[in-house]
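If you want the building blocks of each chain, they are given just below.
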Amino acid sequence: MVRRWDRVQAALPYALILLPALFSLLREWRPEVLALALFAAAWHWLLVTAHPDRLARPWALAGYFAVLLAVVAALVRIDTVFTVTGVGTFLQCFALLPGLWAYGGVAVTVGVLVAARPMAGRTPAELVTSAVVGVLIASMTGLVFHTISDQNRRLKENGARLAALAEENASLQARLLTQAREAGVLGERQRMAREIHDTIAQSLTAILTQLEALGDVPQARERLETVRALAKESLTEARRSVQALRPAPLEEAQLGAALSGIAERWSRVSGVPASVSVTGEPLPLHGEVESTLLRVAQEALANVAKHASAGRVGLTLSYMEDVVALDVRDDGAGFTPGASDGFGLVGMRQRVTRLAGTFELETAPGQGTGISATVPAIPADPRP
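Residues numbered from 1 in each chain as written. Predicted model: local features only at pLDDT ≥ 70, side-chain atom pairs only at ≥ 80, totals over all residues. Heavy atoms only, no water.

Details of the packing of aromatic side chains
- Summed over all chains, the structure comprises two aromatic pairs.
- Judged by centre distance (6.2 Å) and plane angle (15 degrees), the rings of Phe 39 and Trp 43 are stacked. Placement of the pair is Phe 39 and Trp 43 together in helix α2 (residues 31-50), with a separation of four residues, close to one helical turn.
- What makes Phe 39 partly exposed here is its relative accessible area of 40%.
- Seen in terms of ring centroids, Tyr 64 and Phe 65 are 5.1 Å apart; in terms of plane orientation they differ by 70 degrees. Their pairing is edge-to-face.
- Among the residues examined, Phe 65 registers a relative accessible area of 9% and is labelled buried. (Phe/Tyr/Trp six-rings, centres within 6.5 Å; stacked < 30°, edge-to-face > 60°. Helix = DSSP H or I, 4+ residues; strand = E, 2+ residues; numbered from the N terminus. Buried < 20%, exposed > 50% of the residue type's maximum accessible area, 1.4 Å probe, protein only.)

Points about the pairing of strand β5 (residues 369-376)
- Within β5, seven of the eight residues are buried, leaving the element largely enclosed by the surrounding structure.
- Taken together, the eight bridges between strand β3 (residues 323-330) and β5 define a ladder with antiparallel strand orientation. Each residue of the ladder has a partner; that of Leu 326, found in β5, is Ala 373.
- The pairing of strand β4 (residues 358-363) with β5 spans six bridges and is antiparallel. The residue of β5 that forms the bridge with Glu 362 is Gly 370.
- Taking the residues between adjacent antiparallel strands as the criterion, β4 and β5 are bridged by five residues, where Gly 366 takes a positive phi near 80 degrees. (Pairing = 2+ DSSP bridges.)

A word on the side chain of Ser 372
- The topology assignment puts Ser 372 in strand β5.
- Looking at Ser 372, the relative accessible area reads 13%, which means it is buried.
- Side chain to side chain, Ser 372 and Asp 327 meet in a polar contact 2.9 Å long.
- Those residues within four positions of Ser 372 in sequence are excluded, and the remaining contacts are Leu 326, Asp 327, Thr 358, Phe 359 and Glu 360. (Polar contact = N/O pair within 3.5 Å; in protein donor to acceptor, adjacent residues only side chain to side chain. Contact = heavy atoms within 4.5 Å.)

As for the pairing of strand β2 (residues 313-319)
- Counting buried residues in β2 gives five out of seven residues, a clear majority hidden from the surface.
- Where strand β1 (residues 274-279) lies against β2, six bridges are found, and the strand directions are parallel. Each bridged residue has a counterpart across the sheet, and for Ser 277 the counterpart in β2 is Thr 316.
- Each parallel crossover has a hand, and for β1 linked through helix α9 (residues 287-308) to β2 it is left-handed.
- By the bridge criterion, seven bridges tie β2 to β3 in an arrangement that is antiparallel. Bridging across to β3, Tyr 319 finds its partner in Val 324. (Right-handed = clockwise from strand over helix to strand, strands pointing away.)

Dropping the structure here:
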């Protein structure tokens, strides 16, 4: 309803100028009528429709009405059908003039219309009566116009107020959901931190202590160095997990380089060649995105080493327009999906879906295994 009234209010002045001109020209072709009607419509468009800010100055407002009334008076003098155009001028008085000035503008408009009509056979009493009746009709028209405009304004204000309340409620709900999620994440992180500290970290520390004691045995030195390096790396990552820090490989390298380093170390330990390729335009991603893809790669390589008996492994990191994908494929033994889904696959899927991503598994006995993790390419947080 509000938009419909706005459209009617904007189109009405043009209709009250051009429709009488059409009727007048159909009765008798007069170029001056066409010229004056087009000038009146163009004048209204120039100062009211196209550049309404110009009428903020009193002299511009007075000039607009003076020119418009002069043109309307000329049209009424040519053909009395243009008296209807005065209704549009009344509406402009109430729309553009403040307070009592609107009624003054109506009185002047009525006087112009009465004076412009042919005087033949009209007595002074009839002229006065016409003027009074015109003022009363115009005032009633203005009252209706003001009532509709006030209702329209109140509807707009109520709509804006409701929209603001809806936006505020949505923002409040989003904050509450964020706080609840952060509280849940914090509680889960604290629980996992306690478990890591009390189990894995302590076990790795004990392993390191025992390895240090065996470090002088010559025939076991090479193997012990490898195990010691792995234990130290695992202990470091366990401590970083407790402190909720980024994985160590991502601290000093981009995701592609970090994956290459992990694949190189994994190949050295497992003896299986692993290649890493990067497609697309690499860009810094949010810490959670990079950490998720890195952990998925580590878990996938660990599964290959334990179960696949593969001859080679390929990792592909693909940067696309709004997502980034990691594919890990091997030529190993494969398995039947669903029958052997262990904690590693479940954990990878949970990591990816937590970021609103997709996790896909392709495998079959004797045909190798491929996993694909696709997550939104959320840019890195610019804050330190």
